[in-house]
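Next come the chains, spelled out residue by residue.
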Amino acid sequence: MKIDSLEEIIKNEPAYRIKQIRKLIYKDLIEDWNVALVLPLSLRERLSKECPLEIKHKLFKDNNTLKALIEFEDGSKIETVLMEHDQERSTVCVSSQVGCPLKCSFCATGASFKRNLTSFEIIEQVLLFSRELKKKNKKVTNIVFMGMGEPFLNYDNVIESIKMINSPEYFNIGSRKISISTAGIIEGIERFSNEDLQVNLSISLHAPNDLIRSNLMPINKKYSVEKLLKAVDQYIKKTNRKVMFEYLMIKGENDSLESAEELSLLMKRPLVMVNLIVYNPTGKFKPSDNNTIKKFKEYLEKKGIFTTQRYEFGRKINAACGQLAAYDTIN
Ligand code: SF4
């Protein structure tokens, strides 16, 4: 799909035409210009040739989770995931980069990095699943930037895509239904605090101290836990918005009661909460067992830390957190 060239192609068309075309793509969810009978034949033919609507992809299904492997014009491939919670709520976990340069040791995505995605390549992921959900009379209601890549290393394109996802002319998904998750790029958190957006912020913390965190996430050597929390404090002070700390439960690495104690001390700040995530094996580590997670959670709660545990989607199709890698082929 060459949706980014659309504006260029239609720039000499009357203004109402652009609106009409956006409605066809993002509301009517057409997949072929030939059905756009409101457009003159000559324009339909030009768009079919220069801006085809086909998204090259392959789908993998596991109960209420659908993973899509998408291939872009240059052959780059990414994965994106749709989680259908119920009839009313469907979340797309979007990717922001082809691979990821941060190389977290528990994550399959970090094995390679190719390039940033454009804003249109990001919204193409939402478009693909909107088309899938239309078949069931459902819509995408929530977006999380937790797929492949570090969103704040592709800051401008991510923010531009959020504005489009948010816009009534595109997907009209409210800012509060959009979350962005960072491994802790401090400049990104600072910039984000200045945006006039009500988008939620999550931090992938995954460890209660520098020793464990640097082992799991090399980015911690640049942005230590202390620096990261300072940036989060500034963000909260400026926006008065809640921040979610994501914490993967990895057996024998970060799941001891000592870790829970250290974490509880870090979380003694206003407007923060912890989300425990069961680790999905990607080779090197093992997930914590249920009893360990239960005790870890109980400890945090006893200390007054608001703690949730994420329900896992799509483990069987390698669509869960940290498993996206785009190794499959489409043909
Ligand atoms: S966990 Fe996130 S930041 Fe870390 S390598 Fe994977 S995609 Fe990148």
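Residues numbered from 1 in each chain as written. Predicted model: local features only at pLDDT ≥ 70, side-chain atom pairs only at ≥ 80, totals over all residues. Heavy atoms only, no water.

K.L.:
What should I look at first to understand the side chain of R241 in this one?
P.N.:
Within the secondary structure, R241 is located in the loop between α8 (225–239) and β10 (243–249). Look at R241: it is buried, it has no salt bridge, and the nearest opposite charge is D196 at 9.6 Å. Within polar-contact distance, the side chain of R241 engages the backbone oxygen of Q198 at 2.8 Å. There is a polar contact of 3.0 Å between the side chain of R241 and the side chain of N200. Among residues more than four places away in sequence, those in contact with R241 are R176, Q198, V199, N200, Y235, I236 and L271. (Helix = DSSP H or I, 4+ residues; strand = E, 2+ residues; numbered from the N terminus. Buried < 20%, exposed > 50% of the residue type's maximum accessible area, 1.4 Å probe, protein only. Lys, Arg positive; Asp, Glu negative; His and termini not counted. Salt bridge = Lys/Arg side-chain N within 4 Å of Asp/Glu carboxyl O. Polar contact = N/O pair within 3.5 Å; in protein donor to acceptor, adjacent residues only side chain to side chain. Contact = heavy atoms within 4.5 Å.)

K.L.:
What's the story with the nonpolar core in this structure? I'm lost.
P.N.:
What tends to happen in soluble globular proteins is that the nonpolar side chains get buried as a cluster. One finds W33, L47, I143, F145 and M267 to be the most contacted residues of the largest nonpolar core, which totals 102 residues. For this core, the element with the highest residue contribution is helix α4 (residues 119–134), accounting for eight residues. The residues touching I143, leaving out its near neighbours within four places in the chain, are T91, V92, V94, V126, I165, I173, K177, I178 and S179. (Core = buried A, V, L, I, M, F, W, Y, C linked by side-chain atoms within 4.5 Å.)

K.L.:
Looking at this structure, I do not really get the sheet that holds strand β8 (residues 178–182). What am I missing?
P.N.:
Strand pairing in a sheet is mediated by backbone hydrogen bonds. Such pairs are either parallel or antiparallel. Read across the open sheet, the 10 strands follow the order β1-β2-β3-β4-β7-β8-β9-β10-β11-β12; overall the sheet is mixed. Of all strands in the sheet, those bounded by a partner on one side alone are β1 (57–62) and β12 (307–310). Averaged over neighbouring strand pairs, the angle between their axes works out to 25° when direction is ignored. Examined bridge by bridge, strand β11 (residues 272–278) and β12 share four bridges and lie parallel to one another. Residue I277 lies in a different strand from β12, and its bridge partner there is R310. Its contacts with the sheet place helix α6 (residues 186–193) against β8 and β9 (200–204), and it is angled at close to 165° to β9. (Pairing = 2+ DSSP bridges. Axes fitted to C-alpha atoms, helices over the stretch in contact; angles between N-to-C directions.)

K.L.:
Explain the pattern of salt bridges here, please?
P.N.:
Side chains bearing opposite charge may pair, as long as their charged atoms lie close to each other. Summed over all chains, the structure comprises 15 salt bridges. Note that E71 and K56 form a salt bridge whose closest N and O atoms lie 3.5 Å from each other. Here K56 lies in the loop between α3 (41–50) and β1 and E71 lies in strand β2 (residues 65–71), a separation of 15 residues in the sequence. The salt bridge partner of R269 is D233, with a shortest N-O separation of 2.8 Å. With a gap of 36 residues between them, R269 in the loop between α9 (257–266) and β11 and D233 in helix α8 connect regions that are remote in the sequence. A relative accessible area of 30% means that D233 is categorised as partly exposed. Overlapping salt bridges bring together D74, R115 and E121 as one network.

K.L.:
I keep staring at the packing of aromatic side chains and nothing clicks. Help me out?
P.N.:
We describe a pair of aromatic rings using the distance from one ring centre to the other and the angle between the two ring planes. A complete count under the given rule lists seven aromatic pairs for this structure. Where Y26 meets F171, the ring centres are 5.3 Å apart and the plane angle is 75°; that geometry is what we call edge-to-face. Taken together, the residues Y26 in helix α2 (residues 15–27) and F171 in the loop between α5 (155–166) and β8 connect sequence positions 145 residues apart. Residue Y26 is classed as buried on the basis of its relative accessible area, which comes to 6%. An aromatic cluster of at least three residues, connected via ring pairs, comprises F152, Y155, F192 and Y235. Sitting over the face of the ring of F60, K67 holds its NZ or CZ atom 5.1 Å from the ring centroid. (Phe/Tyr/Trp six-rings, centres within 6.5 Å; stacked < 30°, edge-to-face > 60°. Lys NZ or Arg CZ within 6 Å of the ring centre and 35° of its normal.)

K.L.:
Explain unusual backbone geometry to me, please; I cannot follow it from the model alone.
P.N.:
Trans is the common state for peptide bonds, and a negative phi is the common state for residues other than glycine. Unlike most non-glycine residues, L29 shows phi in positive territory, near 55°. Of note, L29 is situated in the loop between α2 and α3. Backbone geometry at N137 places phi at a positive 65°, although glycine is not the residue there. On the secondary structure map, N137 appears in the loop between α4 and β7 (142–145). Residue class for N137 comes out exposed when judged on its relative accessible area of 72%.

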